[in-house]
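Commentary on secondary and tertiary structure
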Amino acid sequence: MDNKCKRAYITTPIYYVNDVPHIGHAYTTIICDTLARYSRLTGLETYFLTGTDEHGQKIEEAAKKRGKSAKQYADEISGYFKDLWDEFEISYDKFIRTTDKEHIKGVQKAFEVMYKKGDIYKDMYEGHYCVSCESFFTKNQLIDNEYCPDCGKPTNIVKEESYFFKLSKYEKKLLEWYNDKENCVLPKGKKNEVISFVEQGLKDLSVTRTSFDWGIKLPKSINDPKHVMYVWLDALLNYITALGYGDDEKLMKFWPATVHVVGKDILRFHAIYWPAFLMSLDLPLPKHIAAHGWWTRNGEKMSKSKGNVVNPRDVANAYGLENFRYFMLREVPFGQDGDFSQKALMDRINSDLSNDLGNLVNRVLGMSGKYFDMKVNSKDVEKFHKKELEEATNIINNLYTYIYDMQLNRYLEGLWKVLTIANQSIATYEPWKKMKESKEDEAMALVALIANLLVKVSIMLHPVMPKSTQKIASVFGVEINTESYKKYIENEELLGEITLEKIPPLFPKIEKMLMTSPEPTTVKETKKDKKEDTKSDGIITIDQFFQTKLKIGTILEAVEVEGSDKLLKLQVDLGEEKPRQIIAGIKAYYKPEELLQTQICVVSNLKPAKIFGHKSEGMLLAAKDKNSLSLMRPQNRVADGSSVG
Ligand code: MSP
């Protein structure tokens, strides 16, 4: 984000309506909501857009499967997204649907402009199409000549008349843009991937389809009714049709977007196609396109078929919405993948929120109550705590840089450094001793230091945890808004003479996991097992354990899976007729050559699965903590195929 302009326009991707919302969707939306709340707090005129992407073959097929019309189905699922965001109090200014009349009109207008300019022409398309990614591929890009390089699902061969967008014409201009605007694509590592993709040469893009119906028709002026628009052209244009492009353009004052936040899987569409479309429309380019990583479960992609999808509503209901928001933003650096676990969420709540923040509020209330009848006066803070105050102010004054780089985890780390200064000051200056020594002014200065730091932290934390921070600020009689932001943050003012208001303790500790699902299991549970399992708090019988057949095997071959930044393909000798092929997400931790001839422990009775287009006939066991992963191996070499138990 940019700190010089007066307006901010922040967008989420628009979500496909073929699936209900999961934590991945919630993550993008929570990031954007935080950015929007931050912009408003700092006084920028802000427009925050989200919505649903409702056309295309994928949706048409999903609706058909359920015996519904595409529109009926889209209405239903779009409603789920909107309801969830409303329940989560997401502060969007507009919820766009690509079936909205105004959007359709704007898309047709844009198509017409590009066509008249000579950037769209008619030809034949022949190639491969992945319905799941709504994406075209050449044969060379496919895995094993058939599977989608992005999602691993089989592709279809498409041969049809199509209109093409002259993407190749914009190759050079795109490269110039990446070069001129350092932060146009974030994080930088991802930007380099985009640049090398473009440097390999861009082919013109097929932007219409004739083999299905569920899409926006071409403008009447082109008069070619059998075509509907390619869903990505339709979808990307939502960022301007939401502002009234091609209709009432009052809101176009928000263009160009400050930031389009997207997942890494859809960066190519946003960082290549979208700016090229905008160049064709002679519109300015977005200031930033920022790609975040993926949330996984036990290192695996979440999917309905694996039964490991985490429902954001369940997490928020069990652990508290704001705790969940904090966790998602704090736990993983922007751009990297993160593994969702209840344990990690509980640790964050108990340690960061309950100990570091909630307790500090209790302590300041306790000290001021015990020593000063709830009064706090900041007059001597600078005299006794200049150093602590300066240190904290420096941190706070630099926080905006993390927002502009999208490093929300570092923004939060900064705030926790301020809390550490506060907590350590209590330990260092021991106000109870000062009171005994009748140094009441020093004790008061310490209490006032903590009060002031808590006010500053609660203002800056407000975009992430709006309600809890307002509760904290109310202890000190502060209402969090742009005015108080200017006063306590920009102008660095201190609190005057105040009387603290008591509030009930915040962030109670969580002692045990509050959700029973989804805790993915390798062995399919029967209903009966499930019941017993919940009753006994996760305890299983020895028979249940032995349903999982663990065996030792030697790795004979290890190679990287092309196109994947996580996977290795292993051939493992389990003492059977043929080695087993296992696809394992360990590339970040092991080089293929160091695995050769080492033994590992394998779950040998897993149903084979296709991962990234490759058959996988087992799963290896590894221990994982925040930073590392370590394969489970026998202490001494044993015969291949030896069972573990
Ligand atoms: N409809 C397109 C976007 C069009 S924008 C003009 C689309 N929709 S989606 O519903 O499939 O995905 C929406 C967003 O959710 C993407 O940014 C995607 O990266 C994100 N996520 C989906 N699953 C995710 C995780 N497991 N983790 C984090 N985010 C992921 O793509």
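Residues numbered from 1 in each chain as written. Predicted model: local features only at pLDDT ≥ 70, side-chain atom pairs only at ≥ 80, totals over all residues. Heavy atoms only, no water.

1. Remarks on the overall build of the protein
Inclusion rule: Put simply, DSSP H or I for four residues or longer makes a helix, DSSP E for two residues or longer makes a strand, and each gets a number counted from the N terminus. What the globule rule says is 2.2 Å times the number of residues to the power 0.38, and the radius of gyration is computed from C-alpha atoms. Burial here depends on accessible area, computed with a 1.4 Å probe over protein chains only, as a share of the maximum for the residue type. Under 20% is buried, over 50% is exposed, and the range in between is partly exposed. Every residue pair with non-hydrogen atoms within 4.5 Å of one another is taken to be in contact. The method behind every accessible area is Shrake-Rupley, applied with a 1.4 Å probe, and residues are considered shielded solely by the protein chains displayed. Working convention for charge: Lys and Arg count positive, Asp and Glu count negative, and His plus the chain ends are omitted. One atom stands in for each charge, and that atom is NZ of Lys, CZ of Arg, CG of Asp or CD of Glu.
For the protein, the count of helices and strands is 21 helices and 28 strands. In terms of C-alpha radius of gyration, the protein reaches 28 Å, essentially the compact-globule figure of 26 Å for 645 residues. Across the 645 residues in the protein, those meeting the buried criterion constitute 53%. Within the protein, residue pairs in contact and separated by at least 24 positions form 75% of the contacts whose partners lie at least 6 positions apart. Entry remark: accessible area of the protein is about 29400 Å², with carbon and sulfur atoms responsible for 49%. Positive and negative charge centroids in the protein, built from 92 and 91 side chains respectively, lie 1 Å apart.

2. Thoughts on the packing of aromatic side chains
Put simply, the rule is: Aromatic pairing here means that ring centres of Phe, Tyr or Trp (its six-membered ring) are within 6.5 Å. Orientation follows from the plane angle: under 30 degrees is stacked, over 60 is edge-to-face, and everything else is tilted. Lysine NZ or arginine CZ positioned within 6 Å of the ring centre and within 35 degrees of the ring normal marks a charge as sitting over the ring.
Within this structure, the stated rule accounts for 29 aromatic pairs. Judged by centre distance (5.7 Å) and plane angle (45 degrees), the ring pair of Trp177 and Tyr178 falls under tilted. Each member of the pair, Trp177 as well as Tyr178, is classed as buried. Joined through ring pairs, the aromatic side chains of Tyr9, Tyr47, Tyr239, Phe254, Trp255 and Trp274 make up one cluster. When the ring centre of Phe269 is taken as origin, the NZ or CZ atom of Arg268, which lies over that ring, is 5.4 Å away.

3. Considerations on the pattern of salt bridges
Applicable threshold: Every case where a carboxyl oxygen of Asp or Glu lies within 4 Å of a side-chain nitrogen of Lys or Arg is listed as a salt bridge.
Here the structure, examined in full by the defined rule, presents 38 salt bridges. In this structure, Lys105 engages Asp247 in a salt bridge whose closest nitrogen and oxygen atoms are separated by 3.1 Å. Note that Lys105 is positioned in helix α4 (residues 101–116) and Asp247 in the loop between α8 (238–241) and β12 (259–263), a separation of 142 residues in sequence. Here Lys105 falls in the partly exposed class, since its relative accessible area comes to 43%. Given a relative accessible area of 40%, Asp247 falls into the partly exposed group. Measuring nitrogen to oxygen at the nearest pair gives 3.2 Å for the salt bridge that ties Lys434 to Glu442. For Lys434, a relative accessible area of 16% corresponds to the buried category.

4. Section: the sheet that holds strand β6 (residues 135–137)
Put simply, the rule reads: The rule for pairing is simple: two strands pair if DSSP sees at least two bridges between them.
The four strands are arranged β6-β5-β7-β9 in an open sheet whose pairing can be described as antiparallel. Strands at the two margins of the open sheet, each flanked by one partner only, are β6 and β9 (205–206). Relative to β6, strand β5 (residues 120–130) runs antiparallel, the two sharing three bridges. In the sheet register, His128 faces β6, and the bridge partner there is Phe137.

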